[in-house]
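# A look at the structure
The primary structure of each chain is shown beneath.
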Amino acid sequence: MIDTHAHLNFEQFDNDLEQVVARALANNVEYIINVGSDVENSLKAIELSLKFDNMFSAVGIHPHDVSKIKGKDFETISGLLLKDKVVALGEVGLDYYRDLSPRDLQKKYVIQFMSLAYKKKKPLIIHCRDAYDDMLKILNSEKFLDIPGVFHCFSGDKFFAKIILDKGFFVSFAGQITFPKAEALREIVEYIPLDRILIETDCPYLAPQAYRGHRNEPAYIVECAKKIAQIKNVDFDEVDRVTTFNAKKVFNMAWHTDDAMAHG
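It should be emphasised that the depicted structure is a prediction, and the values quoted were computed from it without experimental measurement.

## Notes on the sheet that holds strand β8 (residues 197–199)
- The sheet built from eight strands is open, its strands ordered β1-β2-β3-β4-β5-β6-β7-β8 with parallel pairing. In the strand order of this sheet, the two ends are held by β1 (2–6) and β8, each with one partner. Neighbour-to-neighbour, the strand axes of this sheet turn through a mean angle of 30°, independent of strand direction.
- Where strand β4 (residues 86–95) lies against strand β5 (residues 124–129), five bridges are found, and the strand directions are parallel. Bridge pairing in β5 places Leu89 opposite Leu124.

## Structural notes on helix α3 (residues 73–80)
- Taken together, the buried positions of α3 are Asp73, Phe74, Ile77, Ser78 and Leu80. End-on, the buried residues of α3 take up no more than an arc of 165°, which puts them together on one face.
- On its buried face, α3 sits against α2 (39–51), β3 (55–59), β4 and α4 (103–120).

## Some details on the state of the cysteines
- With the rule as written, the count across this model stands at zero disulfides.
- Between Cys153, a free cysteine, and Cys224, which holds the nearest cysteine sulfur, the sulfur-to-sulfur gap is 9.4 Å.
- Cys153 provides the cysteine sulfur closest to Cys203, a residue in no disulfide bond, and the two sulfurs are 12 Å apart.
- Overall, Cys203 belongs to the buried group, its relative accessible area being 0%.

## Things to note about the packing of aromatic side chains
- Inspection of every chain in the model, using the stated rule, returns 10 aromatic pairs.
- Between Phe10 and Tyr205 the ring centres are 6.3 Å apart and the planes differ by 70°, which places this aromatic pair in the edge-to-face class. Taken together, the residues Phe10 in the loop between β1 and α1 (17–26) and Tyr205 in the loop between β8 and α8 (221–232) connect sequence positions 195 residues apart.
- On the numbers, 6.1 Å between centres and 25° between planes, the contact of Phe154 with Phe160 is stacked. No difference in accessibility class separates Phe154 from Phe160, as the two residues are buried.
- By way of ring pairs, the aromatic residues Tyr132, Phe151, Phe154, Phe160, Phe169 and Phe173 are connected into one cluster.
- Against the face of Phe179 rests Arg212, its NZ or CZ located 3.6 Å from the ring centre.

Reading the values: the criteria
Residues numbered from 1 in each chain as written. Predicted model: local features only at pLDDT ≥ 70, side-chain atom pairs only at ≥ 80, totals over all residues. Heavy atoms only, no water. Pairing = 2+ DSSP bridges. Helix = DSSP H or I, 4+ residues; strand = E, 2+ residues; numbered from the N terminus. Axes fitted to C-alpha atoms, helices over the stretch in contact; angles between N-to-C directions. Buried < 20%, exposed > 50% of the residue type's maximum accessible area, 1.4 Å probe, protein only. Arc of directions from axis to C-beta. Contact = heavy atoms within 4.5 Å. Disulfide = S-S within 2.5 Å. Phe/Tyr/Trp six-rings, centres within 6.5 Å; stacked < 30°, edge-to-face > 60°. Lys NZ or Arg CZ within 6 Å of the ring centre and 35° of its normal.

Structure (structure tokens):
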């Protein structure tokens, strides 16, 4: 399994990171992608990826934080994309649920980041929450979006899912698919083909139901895979194999070899 979206670069893991990584490995989590949400923790994500063999990183600025962009922050993220073991640009996107940055500013920067991903030939990790209409307008208007990418921690509806699938994106699910009241989201899991699904924890957030109320961590991604297997009525091993292959396909530059993809 691959946890395609973790935040072990956040302070919640400062005191026991070694143990967290050990538990992930013990639970068959082959790789972890630590995702940046601003310049500082993007740098930390890279640092961790160079420290641990089973970690890679993504660098970006979350829509919550685009109002804090200053000076050469955008150029810094652009430069970080060239660092070793950086596999994606993200997370970037739109978030109208919390509205922590002005919407016009969010739209301005997500377009700039998408253009940057195209120029640097890096896949995108996109955050989109309660901003589906504007995201679709951007996706439909920007000519450079013939690049791979994933909508992480998906929370949209079937209409939105169909359009982004048609555009070649993958969809990632986290622990909220295990929540008792998440039936609508489980219907989306059922709808999306397994060969277009990634799994993630989004830790330290969104611990699956079995660990609800606790800090989430990569070892718990097993619960997400189990739920997908149940929803789709397939073996757990099949979910493990296919989602791992999918992740290696999306983030192919991380592995630098077609052999890794061929073996799933």
